[in-house]
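Each chain, written out:
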Amino acid sequence: MELLQLQYFFESAKTENFAKTAERHYVPTSSVSGSVRRLEKELGCQLFDRSSNRLTLNRNGKRLFQALQVAFDEIDSAVKDLTTVEDNREIRLLVRAMRGNVTDYIIEYNRAKPHIRFQINFDNASQDFENYDIIIDERSDLYPTYERTELCHMRLLLVVSRDSPLARKKLTMKQLAGQQFITLGEQSHMHKILLDACKKAGFQPDISIRSNDMKYYEKLVDSGIGIGVERNNPRSIRQRNIAYLDVSDFVEESVVFAYYKKEAAYGNIEQFLQFLSSKDFI
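The structure presented is a predicted model; accordingly, all values stated were derived computationally and were not measured.

Here is what the cut-offs are and how they apply
Residues numbered from 1 in each chain as written. Predicted model: local features only at pLDDT ≥ 70, side-chain atom pairs only at ≥ 80, totals over all residues. Heavy atoms only, no water. Buried < 20%, exposed > 50% of the residue type's maximum accessible area, 1.4 Å probe, protein only. Helix = DSSP H or I, 4+ residues; strand = E, 2+ residues; numbered from the N terminus. Arc of directions from axis to C-beta. Contact = heavy atoms within 4.5 Å. Polar contact = N/O pair within 3.5 Å; in protein donor to acceptor, adjacent residues only side chain to side chain. 1 Å grid on protein atoms, 1.4 Å probe; cavity = no way out; pocket = protein on both sides within 12 Å on 5 of 7 lines; lining within 4 Å. Points joined across faces, edges and corners; volume = space filled by probe spheres on them. Nonpolar A, V, L, I, M, F, W, Y, C, P; charged D, E, K, R; others polar. Salt bridge = Lys/Arg side-chain N within 4 Å of Asp/Glu carboxyl O.

Some thoughts on helix α2 (residues 18-25)
Working step 1: Looking only at α2, the buried set comprises Phe18, Thr21, Ala22 and His25. Along the axis of α2, the buried residues cluster in a sector spanning 100°; they form a single face.
Working step 2: Turning to α2, the residues buried within the fold contact α1 (3-15), α3 (29-43), β1 (48-50), β2 (55-57) and β6 (147-161).
Working step 3: Between a side-chain oxygen at the N-terminus of α2 and the backbone nitrogen of Ala19 the separation is 2.8 Å; the capping residue is Asn17.

This is the structure:
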């Protein structure tokens, strides 16, 4: 009997749904259901009553759920008691999305708690994920062992200079074939979204500029050199020389999460995650 088996059972018992537990842990539903079946085999009894489209916690399951609720509460309480007295850990942070917002919030947090140290990497190409306590990124399957909390959910739009004649037209993706595009580099989520959208429309985009620096990327889009992809942000429209294109078949979204290791999410790291979750990323 493993702790992960008990955790999968406990979380599935709350919702009577294996799929929701799988989504939370970023694993296939079969991994959760298989783990619970192995637990049932070890215990020698069924914990759920199963029908074709329904999962129901039975009497055995309710008994185990009640016991685990007490046990997990005690474990959480003990961890907090042992770690909240003084946590001097450095927060290791990999930022692969929402860099501007995250930078502002790190500065704000550091002013309030100057004793907390950060180690921060803004490199999209970095793959050594295990070296970080928190990773800020788009929805991704790169972090199967991490928990996650959603920071923002926004629509993606194609953006041009306000002076562009395209800004006053109703368009389809196919009508943008031959136009110049600007992206945030080949490792960025926006770049991949653009390639997929153009491929569906039957053409390869002419990407004239790739910039990993958001400041210069925005400056280039504002200048009218090419079409970019950005999150729908009313502030940008007010503060910059841009307009969002009306493209009927470009229907994309950006969901950004803070990914983290559950076993490390206490003390400094837990507090910083709570701080990020409370912020407005629009």
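There's more to say after this.
Focus on the layout of surface pockets
Working step 1: The calculated volume of the largest pocket comes to roughly 1000 Å³.
Working step 2: Along the wall of the largest pocket there are 28 residues; nearest its centre are Gln7, Asp76, Glu147, Lys262 and Glu263.
Working step 3: Counting only elements with at least two residues in the lining of the largest pocket, the list comes to α1, α2, α4 (59-83) and α9 (267-277).
Working step 4: At seven residues, α1 tops the list of elements feeding residues into the lining of the largest pocket.
Working step 5: Here the residues of the lining of the largest pocket sort into 13 nonpolar, four polar and 11 charged.
Working step 6: Each pocket or cavity is described by its volume, and for the second largest pocket that value is around 720 Å³.
Working step 7: As for the second largest pocket, its lining consists of 29 residues, and the residues nearest its centre are Gly100, Asn101, Met214, Glu218 and Arg231.
Working step 8: Elements with a minimum of two residues in the lining of the second largest pocket: α5 (99-112), α6 (189-201), α7 (214-223), β10 (228-231) and α8 (234-239).
Working step 9: Counting residues per element, the lining of the second largest pocket draws most heavily on α5, which supplies five residues.

A short note on the pattern of salt bridges
Working step 1: Scanning all chains against the criterion turns up 16 salt bridges.
Working step 2: For Glu108, the salt bridge is made with Lys279, and the minimal N-O distance between the two is 3.0 Å. With Glu108 in helix α5 and Lys279 in the segment after α9, this residue pair connects regions lying 171 residues apart in the sequence.
Working step 3: Under the relative-accessibility criterion, Glu108 is labelled partly exposed at 35%.
Working step 4: The partner of Glu230 in a salt bridge is Arg240, with the nearest N and O atoms 2.8 Å apart. Taken together, the positions of Glu230 in strand β10 and Arg240 in the loop between α8 and β11 (242-244) put the pair 10 residues apart, joining distant regions of the chain. Arg240 carries the same exposure label as Glu230, and that label is buried.
Working step 5: Here the salt bridges share partners, and the residues they tie into one network are Glu218, Asp222, Glu230 and Arg240.

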